[in-house]
Amino acid sequence: MNRPEDEMIVPEGWGFVETIDRRDFLRLTSTGLLVVFAVKPPEGAMRPVWNFAEQQRTPPDFNAFLHIGANGRVTLLVGKIEMGQGIITGLPQIVAEELNVPLEMVDCVMGDTDLCPFDSGTFGSLSVWRLGPILHAAAAEARAVLVQLASEKLGVPVADLSVKDGVVVSKTDANKKATYGELAGGKKIERRFEGKAALDKVSEYTIIGKSYPRRDAVEKVTGKAMYAGDIAPPNAMHARIVRPPAHGASITAIDTSAAEKLPGVRIVKDGELVAVLHAHRDEADKALKLVKTTVTPSPNTLDHENIFAHLEEVAVEKRPAGAAGDVAAGEKAATQVVAAKYLKGYVAHSPMETHTAIAAVGADGRVTVWASTQTPYPLQTQVARALKFAPEKVRVITPFVGGGFGGKSANAQGVEAARLAVAAGVPVRVAWSRDEEFFYDTFDPAAVISIRAGLDASKRIVLWDNEITGAGGRGAGMFYDVPNHRTVTKGSWSGNQGAMHPFAVGPWRAPGANANVWARESHIDALAAKVGMDPVEFRLLNLQNPRMRRVLDACAKKFGWTPKPGPSKRGYGVAIGEDAGTYVANMAEVKVDAATGAIKVIRVVCAQDMGVVVNPEGAMQQMEGCIMMGLGYTLAEEARFKNGEVLDKNFGSYTLPKFSWMPKIETMLIDNPDLPSQGGGEPAIVSMGAVIANAVFDATGVRLTQLPMTPTRVKAALGKK
């Protein structure tokens, strides 16, 4: 994970047991077995599925690289990164299972552009869902090649050999055996397996499906885990960058004379990038305060209150996002129609680790960037373009990342660090302050969702007309049985939205789906209330999808749901959704204090069908994390702004979920061995807004149509001053 000549501090236990660079790695393969796989991926696998700026480049191949060492250890190299989601444990489980080796024999190198195959990035719950099948196939092919080598070494037919714990042994003569290490020793062999290697059967799994402890747990609990900000090449300097005070504001003049008088301060200018450098961060902070700027104010007049009218008025092309039947026919068939508009504000990622990177120029002129990034390869491209370097002259290494949630798909800090390191001639660290994090973060966009739905005399939904402004179409798919439905989108969280937003927007854990599922499931509840039906029974009446029905039934049984039309005054809510191929159902119990407007979530039950589960405990941790994080965007998180200035600059005013908010959380994984592993990092969050909103309606009879549901908004809805 590092270059020894840089003499930097590196993470213990991260990647290889000993630190190596690309040359070291290639040298090591001469004393082991390097098996190269050209595995044809499943449709859509590893392909850019969302329009991030740096994901237009398709991977040159779909090779997965496994190194079998002379000592029998297996090294898995992947372009994914670890940011707390647990794939540093889950992906090695897949390889260990197919190779038939103990899990502890598999090491993992992640997010290093010199050592790992190209990868668009770690996002979208794609790691196990889409990369997993490729690793299954690669490891199965490695096992087949090793068995062939053993057949040649032992003089035993392949059909007479089996593998257990990394040892290939004859089925008829136990004395004829060879370890993976023995087969790999002293060789450098690049061999392809002819044909398709057989995968292990799900029923025979011994590693996949078991809950192994997280590999990063001890380092993180003991404080030994290394993040980008912990990397310290010799003579590194901290950079504090001169920024405008608001989005749209421009700096027309900079006076650094006072700052330059402080001992140890360097002023570095690279075009529009101006920074104060010092060996100590606090001294750089002091110097930055002495820099005087002349600023042209932002012309933007938008704020967090008038943004919704602006979103509806701005000229953005409408795009179809799903349709069936004829909405005009649905209008005619409907005997009752319910229409509503749902609003959601901007939400910040607010990870505990702010955007951080450190860059250094080696003696060979190559630039190495250690960055808290979800997208190492796109960052490599961004740095190369900024420096006008060939991509191979840039190496990105990703240590542990302290939370990303989509926000660290943008890499401005890495580019800044690289530019300053080249300009200054010394390693430079850029660690955004909390103020900068809130200012330059890419926000989950504000959205306006208008839904018009109709029911026939049998209480079935016959019309669904949905216009989504700002959120895009993720999560808006129609899995209910609606013969006449149409969904159109106007703008999104991705790409260049022109004048739509006053600052940058981007992916935020299940981007767009949180808003869309909240609006859809709130409206489904409103339809159930309109016809006086229990919300679970109403969903089942209008839902034939057997997989979704199974998830909903399982959740209802675990929750102890008894049918009752809303509002029942019990404070019960239900919501269902689909994301990353996973089906999810949430149920919640809440209490609402009418005097204060406070919503207290008492209990949340979540059932999830994600196919074959690689690490059940890890999957449930992800579900619990989704539920906790979902409370934030549902009850409190909203970025306030005015005239281009972000008003929330720290956690004093931008409120994250607290320990005291935590409800009793119960999770369950639906057994579905016939379905390959689906995504698990985001599904449970998509229905959190809806399940709480529906529970609030059940408790109070009032439906809130704007997120977050703050005490002020609750009191206003209840008619309280």
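These figures come from a predicted structure and were not determined experimentally. (Residues numbered from 1 in each chain as written. Predicted model: local features only at pLDDT ≥ 70, side-chain atom pairs only at ≥ 80, totals over all residues. Heavy atoms only, no water.)

Peer 1: Looking at this structure, I do not really get helix H7 (residues 281–289). What am I missing?
Peer 2: Because each turn of an α-helix spans 3.6 residues, side chains separated by three or four positions end up pointing in the same direction. Residues Ala284, Ala287 and Leu288 constitute the buried set of H7. Buried positions in H7, seen along its axis, are confined to an arc of 100° and lie on one side of it. On its buried side, H7 packs onto strand E8 (237–241), helix H6 (257–260) and strand E11 (273–278). (Buried < 20%, exposed > 50% of the residue type's maximum accessible area, 1.4 Å probe, protein only. Helix = DSSP H or I, 4+ residues; strand = E, 2+ residues; numbered from the N terminus. Arc of directions from axis to C-beta. Contact = heavy atoms within 4.5 Å.)

Peer 1: Is there a simple way to explain the pairing of strand E17 (residues 394–397) in this structure?
Peer 2: The two faces of a sheet get side chains in turn, since along a regular strand they alternate between them. Here E17 shows a buried face lined by Val394 and Val396 and a second buried face lined by Arg395 and Ile397. The sheet contact formed by strand E16 (residues 367–371) and E17 spans 4 bridges and is parallel. Pairing of Trp370 across the sheet is with Ile397, part of E17. (Pairing = 2+ DSSP bridges.)

Peer 1: Can you help me understand the packing of aromatic side chains in this one?
Peer 2: Geometry of an aromatic ring pair is reported as the spacing of the ring centres plus the angle between the planes. Scanning all chains against the criterion turns up 16 aromatic pairs. Here the aromatic rings of Trp508 and Tyr633 are separated by 6.0 Å at their centres, their planes lie at 85°, and the arrangement is edge-to-face. Placement of Trp508 in the loop between strand E21 (485–490) and helix H13 (513–530) and of Tyr633 in helix H16 (residues 616–635) is noted, with a sequence separation of 125 residues between them. In this pair, the class of Trp508 matches that of Tyr633, namely buried. Look at Phe559 and Trp561: their rings are 6.0 Å apart centre to centre, the planes differ by 45°, and that puts the pair in the tilted class. You'll find Phe559 and Trp561 in the same group, each marked buried. (Phe/Tyr/Trp six-rings, centres within 6.5 Å; stacked < 30°, edge-to-face > 60°.)

Peer 1: Can you walk me through the sheet that holds strand E24 (residues 599–609) in this structure?
Peer 2: Strand pairing in a sheet is mediated by backbone hydrogen bonds. Such pairs are either parallel or antiparallel. Read across the sheet, 4 strands follow the order E22-E23-E24-E27 without closing on themselves; strand pairing throughout is mixed. The open sheet has two edge strands with one neighbour each: strand E22 (572–579) and strand E27 (664–669). On average, each strand axis in the sheet is inclined to that of its neighbour by 15°, with strand direction left out of account. Here 10 bridges tie strand E23 (residues 582–592) to E24, and the two strands are oriented antiparallel to one another. Along E24, the bridge assignment pairs Glu589 with Arg603. The strands that helix H18 (residues 688–700) touches are E22, E23 and E24; relative to E23, the one it contacts most, it runs at about 35°. (Axes fitted to C-alpha atoms, helices over the stretch in contact; angles between N-to-C directions.)

Peer 1: Looking at this structure, I do not really get the confidence of the model for the protein chain. What am I missing?
Peer 2: Low-pLDDT portions of the prediction should not be read for the details of their coordinates. Averaged over every residue, the pLDDT of the protein chain is 91; residues scoring 70 or more account for 90%. A low-confidence stretch, residues 1–20 stays under pLDDT 50, and its non-local contacts, those more than four residues away or across chains, total 68 contacts. Contacts of residues 38–63 to residues separated by more than four positions or lying in other chains number 56 contacts, the stretch itself having pLDDT below 50. (pLDDT = per-residue confidence, 0-100.)

Peer 1: When you look at the nonpolar core in this model, what are you seeing that I'm missing?
Peer 2: The nonpolar side chains of a soluble globular protein tend to be buried with one another. Membership of the largest hydrophobic core comes to 99 residues, with the highest contact counts inside it found for Tyr346, Leu527, Phe538, Met587, Ile599 and Ile692. Examining the composition of this core, we find that 9 residues originate from one element, H13, more than from any other. For Met587, the contacting residues outside a window of four places in its chain are Val536, Leu552, Cys555, Ala556, Phe559, Trp561, Gly573, Val574, Arg603, Val604, Val605 and Val691. By size, the runner-up hydrophobic cluster in this structure holds 48 residues, among which are Ile87, Ile88, Leu131 and Ala140. (Core = buried A, V, L, I, M, F, W, Y, C linked by side-chain atoms within 4.5 Å.)

Peer 1: Please explain the domain arrangement of the protein chain as it appears in this structure.
Peer 2: Often, the extent of an interface is quoted as the loss of accessible area on bringing the components together. Domain assignment breaks the protein chain into domain 1 (5–222), domain 2 (228–297 + 355–431) and domain 3 (307–347 + 443–720). Once you take the C-alpha centre of each, domain 2 and domain 3 turn out to be 39 Å apart. With 7 residues of domain 2 in contact, the opposing surface of domain 3 contributes 10 residues. Both faces considered, domain 2 and domain 3 share a buried interface measuring about 560 Å² in area, 63% of it formed by carbon and sulfur atoms. One can count 0 salt bridges joining domain 2 with domain 3. Applying the counting rule to domain 2 against domain 3 returns 2 residue pairs in polar contact (both at pLDDT 80 or more). (Domains from an automatic or database assignment. Buried area = accessible area lost by both parts, 1.4 Å probe. Salt bridge = Lys/Arg side-chain N within 4 Å of Asp/Glu carboxyl O. Polar contact = N/O pair within 3.5 Å; in protein donor to acceptor, adjacent residues only side chain to side chain.)

Peer 1: Sorry if this is basic, but what is going on with the side chain of Glu437 here?
Peer 2: As for its placement among the helices and strands, Glu437 is situated in helix H12 (residues 434–440). Beyond its immediate sequence surroundings of up to four residues, Glu437 is in contact with Pro351, Thr354, His355 and Trp432.

Peer 1: Honestly, the packing of helix H2 (residues 87–99) against helix H3 (residues 126–154) in this entry has me stumped. Any pointers?
Peer 2: Helix-helix packing is characterised by the crossing angle of the two axes and by the distance between the axes. Two numbers describe how H2 lies on H3: the axes approach to 7 Å, and their chain directions differ by 35°. In this structure, H2 meets H3 at a crossing whose hand is right-handed. Facing H2, whose interface residues are Ile87, Leu91, Ile94, Val95, Glu98 and Leu99, H3 presents Ser127, Val128, Leu131, Gly132, Leu135, His136, Ala139, Ala140, Ala142, Arg143 and Leu146. (Left-handed = near helix turned anticlockwise from the far one by under 90°.)

Peer 1: Just checking my understanding: could you explain H2 for this structure?
Peer 2: With 13 residues, H2 ought to run about 18 Å at 1.5 Å a step, and its terminal C-alpha atoms sit 18 Å apart, in line with that. Summarising burial for H2: 13 of the 13 residues are buried, a large majority. Just downstream of H2, Asn100 is the residue with a positive phi angle, here 60°. (Expected span 1.5 Å × (residues − 1).)

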